[in-house]
Amino acid sequence: MKLIKSLTALSLAGLILTSCGEAKKEEVVEEVVTTEGAVPVVETPNIVGVASGNADFSTLVAAVGAAELVETLSGEGPFTVFAPTNAAFEKLPAGTVESLLKPENKEKLTAVLTYHVVAGKFEAAQVIEAINTNNGKFEVATVQGGKITLSLVDGNVILTDANGGKSTVVIPDVAASNGVIHAIDTVVMPK
C-alpha cells in the first residue's frame, strides 16, 4: 500500500512539474508573439567586445587582458585603436609575445598596447583628410604618450612608429560603441 501511495505521489509531482514546464513554454511563445513586428535594438559592442568577437584579434584580446586594460578600453572613450591582427603579432621575433604576456613584463606590454590607441574617434575618411591637409603626413599622439606618423601609400594608410617601423591599415572603420578599430598588419612599437 505504501508503494502505491509513493508511486501516486511521484506521478502527481511529475504531472505538476511537466505542466509547469508547458506553461513556461507557452509564456515564452506568448512573449515572442507579443513582440512580433517590433524592431530589435542591436547595440554595437565596445572595442573589447568587437575584438573579442573576432578570431583574428585573439592575441590582442589576450594581451589586453594580461595588461589589465579591458576596463579602460571598455570605457566611454571615444578611442581609435590601431589593432594588430594575429598575423601582425606573428611577425614579431620568436618568443616576444610570450615574453610580453608574463606578469613581470606588464608595464612594457601596457606601453606597447596603449601605443596603438589614440584618444578620440577618427574614421578612415578623417584620417585620410588629415594626411592630405598636412602635406602627406599626419602625426598623432597615442595614449601611451608617444607619437605615430600617418601617411598614404597607394591609397593605404601607413603608420610609422617612433623607431621607423611601418604598418598598413588592412581593415578600416570597424565600428564599436566607444570608438573605432582599424586593423593593422604589423605591431608598431614605442621607443
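Scroll up to find the structure.
Residues numbered from 1 in each chain as written. Predicted model: local features only at pLDDT ≥ 70, side-chain atom pairs only at ≥ 80, totals over all residues. Heavy atoms only, no water.

Draft legend 1. Looking closely at the overall build of the protein chain. For the protein chain, the count of helices and strands is eight helices and seven strands. Burial status across the protein chain gives 32% buried among its 191 residues. Here the protein chain displays about 11700 Å² of accessible surface, and carbon together with sulfur accounts for 59% of that area. (Helix = DSSP H or I, 4+ residues; strand = E, 2+ residues; numbered from the N terminus. Buried < 20%, exposed > 50% of the residue type's maximum accessible area, 1.4 Å probe, protein only. Areas by Shrake-Rupley, 256 points an atom, 1.4 Å probe, with all protein chains shown as cover.)

Draft legend 2. Geometry of the packing of helix α3 (residues 58–66) against helix α7 (residues 106–114). In the contact formed by α3 and α7, the axes pass within 9 Å of each other and the chain directions differ by 130°. In this view, α3 runs oblique relative to α7, as classed from their interaxial angle. The way α3 lies across α7 gives a crossing that is left-handed. Residue-level contacts link Leu-60, Ala-63, Val-64 and Ala-66 of α3 to Lys-106, Leu-109 and Leu-113 of α7. Residue composition of the contact of α3 with α7, grouped by class: six nonpolar, no polar and one charged. (Axes fitted to C-alpha atoms, helices over the stretch in contact; angles between N-to-C directions. Parallel < 35°, antiparallel > 145°, perpendicular 65-115°, else oblique. Left-handed = near helix turned anticlockwise from the far one by under 90°. Contact = heavy atoms within 4.5 Å. Nonpolar A, V, L, I, M, F, W, Y, C, P; charged D, E, K, R; others polar.)

Draft legend 3. Focus on the nonpolar core. Counting residues in each nonpolar core, the largest one holds 27 residues, and the members touching the most others are Phe-57, Leu-60, Val-81, Leu-113 and Ile-181. Elements represented by at least two residues in this core include exactly α2 (47–52), α3, β1 (79–84), α5 (86–90), α6 (96–100), α7 and β7 (179–184). Per-element accounting of this core gives the leading share, four residues, to α2. Excluding residues that lie within four positions of it along the chain, Val-81 makes contacts with Ile-47, His-116, Val-117, Val-180, Ile-181 and His-182. Within the second largest apolar cluster, 13 residues are counted, among which are Val-118, Ile-131, Leu-159 and Val-188. (Core = buried A, V, L, I, M, F, W, Y, C linked by side-chain atoms within 4.5 Å.)

Draft legend 4. Representation of α7. Buried residues of α7: Leu-109, Val-112, Leu-113 and Thr-114, and no others. The inward-facing, buried residues of α7 contact α3, α6 and β2 (117–119).

Draft legend 5. Looking closely at helix α8 (residues 124–133). When we look at burial in α8, the residues that qualify are Ala-124, Val-127, Ala-130 and Ile-131. When α8 is viewed along its axis, its buried side chains cluster within an angular range of 130° and face the same direction. In this structure, α8 carries Ala-125, Glu-129, Asn-132 and Thr-133 as exposed residues pointing more than 90 degrees from its buried face. Within two residues after α8, Asn-135 carries a phi angle of roughly 55°, on the positive side. (Arc of directions from axis to C-beta.)

Draft legend 6. How the structure looks around the side chain of Thr-142. Note on placement: Thr-142 falls in the loop between β3 (137–141) and β4 (147–153). Aside from chain neighbours lying at most four places away, what touches Thr-142 is Thr-114, Tyr-115, Val-117 and Ile-148.

Draft legend 7. Molecular detail of the pattern of salt bridges. The full count for this structure, using the stated rule, is two salt bridges. Residue Lys-121 is joined to Glu-123 by a salt bridge in which the shortest nitrogen-to-oxygen separation is 3.6 Å. The exposure class assigned to Lys-121 is partly exposed, which follows from its relative accessible area of 39%. The class for Glu-123 is partly exposed, based on a relative accessible area of 34%. (Salt bridge = Lys/Arg side-chain N within 4 Å of Asp/Glu carboxyl O.)

Draft legend 8. Region of the structure containing the sheet that holds strand β6 (residues 166–176). As summarised here, the arrangement of the seven strands in space is β2-β1-β7-β6-β5-β4-β3, forming an open sheet in which the pairing is mixed. Lying at the two open borders of the sheet, with one neighbouring strand each, are β2 and β3. Averaged over all neighbouring strand pairs, the angle between strand axes comes to 30°, with direction disregarded. Sheet analysis places β1 next to β7, joined by six bridges and oriented parallel. Pairing of Val-81 across the sheet is with Ile-181, part of β7. Running over the sheet, α8 touches β3, β4, β5 (156–160), β6 and β7 and is turned about 90° from β4. (Pairing = 2+ DSSP bridges.)

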